[in-house]
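A look at the structure
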Amino acid sequence: MPLTIQPVTETFVAEVGDVDLSRPLDAATVETIRDAFWHYGVLVFPGQRLDEESHLAFARHFGPLETSIGVYRTDVAPRIREDLSDISNLDRDGRIWGADSRIRRYKMGTRLWHTDSSFKHAPARASLLHARSVAPVGGHTEFADVRAAYDALDAEMRNRIEGLVAEHSVFNSRARIGFTDFIEDERSNLKPVYQVLARTIPESGRRALFVASHAGRIHGMADDEGKALIDRLLEHATQRQFVYTHRWRVGDLVMWDNRATLHRGTDYDDLRWPRDMLRATVSDEVNSCEREGVAVPG
Ligand code: OGA
Ligand code: MN
């Protein structure tokens, strides 16, 4: 039975049915999914029963996997293997995290608009998030279409950001929420990186804004001026007309193209409801400045 692709919105989100991602897929099916993914940017696969292996095997169709930044935390043992990111509110024993726990304070950073791993030299291309349990109230994930947002910029702003490069660091996004207690291993392994402010997505040829809460300074600009520009672009890109809100059901696998989207988690009662999500992440392999042919500052 061929799979079905049902648009949720015309150009941003589609739901894919009649496919079992826990089994190996034939080449034609993979090609159909890939084409839809490059077109839309967000795909929802409801009702998937995935174990860690099948989740990762499906992710590999979109490029090489990246390793969770949890590996830089040597103070706590992770709950899951290092090629998956733990997007839950649970500790190693499956209990809801403590109100004052470091991990809870740190993960509040995902409530800010971001794109995954922009603070790594090679940022993330695709993220594939699978819901094993969901909160009955809240805990949605919002996605903003940064291609549509780019298209909606006026010519003056497009010219202004052309060739500009921003410094991205996980310390920037965490500073925004008042989290600063990184340990030394994290500090030395998570040095700031440069990323362009606008990039072309090779598979679709579409241009996209590249901003995130991880972005701090803009190279060659005064700190406050750069920050104001980043905030202005974030505000522009996340206006209602560019945003889709995903309301999770158990078994949903949602995959997004980090080059085409910004996303953020929304509020829920995280001390009451377990919300268990695992993310596989595909690397974009090279730095965005390199891809765009923009010189990386000093
Ligand atoms: C992520 C993420 C937000 C959420 O998985 O990368 O930011 O709603 N998730 O859990
Ligand atoms: Mn994220």
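Below is a short write-up of the structure. Note that this is a predicted model, so its numbers are computed, not measured.

In the vicinity of ligand 1, the contacting residues are Ile87, Thr110, His114, Asp116, Leu129, His140, Thr141, Trp256, His263, Gly265, Arg275 and Arg279. In the environment of ligand 1, an oxygen atom lies 2.9 Å from a nitrogen or oxygen atom belonging to the side chain of Arg275. Arg279 is positioned with one of its side-chain polar atoms (N or O) 2.6 Å from an oxygen atom of ligand 1. When ligand 1 is considered free in solution it has 290 Å² of accessible area, and contact with the protein chains removes 98% of it.

The next thing to look at is the coordination of the manganese ion (ligand 2). Summarising the metal site, the manganese ion (ligand 2) is bound by the protein donors His114 (NE2), Asp116 (OD) and His263 (NE2), whose distances to it range over 2.1 to 2.2 Å. Each donor residue of the manganese ion (ligand 2) lies on the same chain, and together they follow the pattern H-x1-D-x146-H. In this pair, the class of His114 matches that of Asp116, namely buried.

This part takes up the packing of aromatic side chains. As enumerated under the stated definition, the model contains eleven aromatic pairs in all. Each ring, one from Phe45 and one from Phe58, has its centre 5.6 Å from the other, and the planes form 75°; the classification is edge-to-face. You can see Phe45 sitting in strand β3 (residues 42-45) and its partner Phe58 sitting in helix α2 (residues 52-59), a full 13 residues away along the chain. Given the relative accessible area of 0%, Phe45 is considered buried. The exposure class of Phe58 is buried, given its relative accessible area of 4%.

Here we take up the pattern of salt bridges. Overall, the coordinates contain 32 salt bridges when judged by the stated rule. Its salt-bridge partner being Glu162, residue Arg207 comes within 2.9 Å of it at the nearest N-O pair. Of this pair, Arg207 sits in strand β10 (residues 206-209) while Glu162 sits in the loop between α5 (155-161) and β7 (165-168), and the two are 45 residues apart along the sequence. Residue classification places Glu162 among the partly exposed positions, given a relative accessible area of 44%. Put simply, Arg125, Glu203, Asp257, Arg259, Asp284, Glu285 and Arg291 are held in one network by salt bridges that share partners.

About the thresholds
For every chain, the first residue of the written sequence is number 1, and numbering continues from 1 onward in sequence order. As a convention, the first chain written is A and the first ligand written is 1, with the rest following in written order. Residues qualify for local features only when their pLDDT is at least 70, as the model is predicted, and side-chain atom pairs are given and counted only at 80 or more; totals for whole chains, interfaces and linings, by contrast, use all residues. Hydrogens and water molecules were not included; the side-chain quantities draw on all heavy atoms of the structure. Note on definitions. A residue lies near a molecule or strand when any single heavy atom of the residue is within 4 Å of it. For this analysis, a polar contact is any N or O atom pair within 3.5 Å, provided that within protein one partner can donate a hydrogen and the other can accept it, and provided that sequence-adjacent residues contribute only side-chain to side-chain pairs. Shrake-Rupley sampling with a 1.4 Å probe provides the accessible areas, and residues are treated as covered by the protein chains on show and by no other component. Coordinating N, O and S atoms are those within 2.8 Å of the metal (3.2 Å for Na, K and Ca), and as water is not part of the atoms, a site may appear to have fewer donors than expected. Each residue gets one of three labels from its accessible area relative to the maximum for its type: buried under 20%, exposed over 50%, partly exposed in between, using a 1.4 Å probe on protein chains only. Two rings from Phe, Tyr or Trp (for Trp, the six-membered ring) form a pair when their centres sit within 6.5 Å of each other. Planes less than 30 degrees apart are called stacked, planes more than 60 degrees apart edge-to-face, and all others tilted. Helix and strand definitions here come from DSSP, where helices need a minimum of 4 consecutive H or I residues and strands a minimum of 2 consecutive E residues; each element is numbered from the N-terminal end. Within this document, salt bridges are pairs made up of a side-chain nitrogen of Lys or Arg and a carboxyl oxygen of Asp or Glu, the two lying within 4 Å of each other.

Remember, this is a structural readout, not a statement about activity or role.
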